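Analysis of the macromolecular model
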Amino acid sequence: MTIPEATRPEALVSRLFEKSCILLHDSLTALESSDEEFFQQSSLHAIQILLSLRFVLDISRDDAFSMSLYETYTAISASLIRGRKNKDKELLHKIYLALDELREAWQTFSKTPT
């Protein structure tokens, strides 16, 4: 990946989703091994990434795509917060799958010529 490609917003979003997937995978592993501190840290970091991505969306124009992303990121963040609080492995795994799907979509989108 060249420097200009790496700084395209789509590529940056893709990388942030990649990081959130890694963090959520790590938090599930920590939960399995009863590493409470690492579970809390990695799951919180994943939440912070999602909320940050939601925050940078330009919803002022009220376009359908941005609003859809905002609602999607909000729902996933709320579910992640609930899964973290309840230490719900099944819910956290479902969220991981959703994040991975978003990562793949952004990765595909970032490779589309502008």
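Please refer to the structure higher up on the page.
Residues numbered from 1 in each chain as written. Predicted model: local features only at pLDDT ≥ 70, side-chain atom pairs only at ≥ 80, totals over all residues. Heavy atoms only, no water.

**A word on the packing of aromatic side chains**
Cut-off, in case you're wondering: Only Phe, Tyr and Trp rings take part, Trp by its six-membered ring, and two of them pair if their centres are within 6.5 Å. Stacked means planes under 30 degrees apart, edge-to-face means over 60, and tilted covers everything else. Strands are runs of DSSP state E lasting at least two residues, helices are runs of H or I lasting at least four, and both sets are numbered from the N terminus onward. Exposed residues in this analysis have more than 50% of their type's maximum accessible area, buried residues have under 20%, and partly exposed residues fall in between, with area computed by a 1.4 Å probe over protein chains only.
Tallied over the full model, the rule gives 2 aromatic pairs. Aromatic pair W106 and F109: ring centres 5.6 Å apart, planes at 80 degrees, arrangement edge-to-face. Of this pair, W106 and F109 both sit in helix α5 (residues 89-111), 3 residues apart, which is roughly one turn of the helix. A residue is classified by how much of its surface remains accessible, and W106, at 12% relative accessible area, is buried. We classify F109 as partly exposed; its relative accessible area is 42%.

**A word on the pattern of salt bridges**
Side chains bearing opposite charge may pair, as long as their charged atoms lie close to each other. Spelled out, the test is: One side-chain nitrogen of Lys or Arg within 4 Å of one carboxyl oxygen of Asp or Glu is enough to make a salt bridge.
Inspection of the entire model under this criterion finds 8 salt bridges. In this structure, E32 engages K89 in a salt bridge whose closest nitrogen and oxygen atoms are separated by 3.6 Å. Taken together, the residues E32 in helix α2 (residues 9-32) and K89 in helix α5 connect sequence positions 57 residues apart. E32 sits in the exposed class, given a relative accessible area of 56%. Since its relative accessible area comes to 40%, K89 is described here as partly exposed. In this structure, R103 and E104 form a salt bridge, with 3.7 Å as the shortest nitrogen-oxygen distance. On the accessibility criterion, R103 (15% relative accessible area) is buried. The class for E104 is partly exposed, based on a relative accessible area of 41%. Each member of the salt-bridge network shares a partner with another, and the members are D58, R61 and D63.

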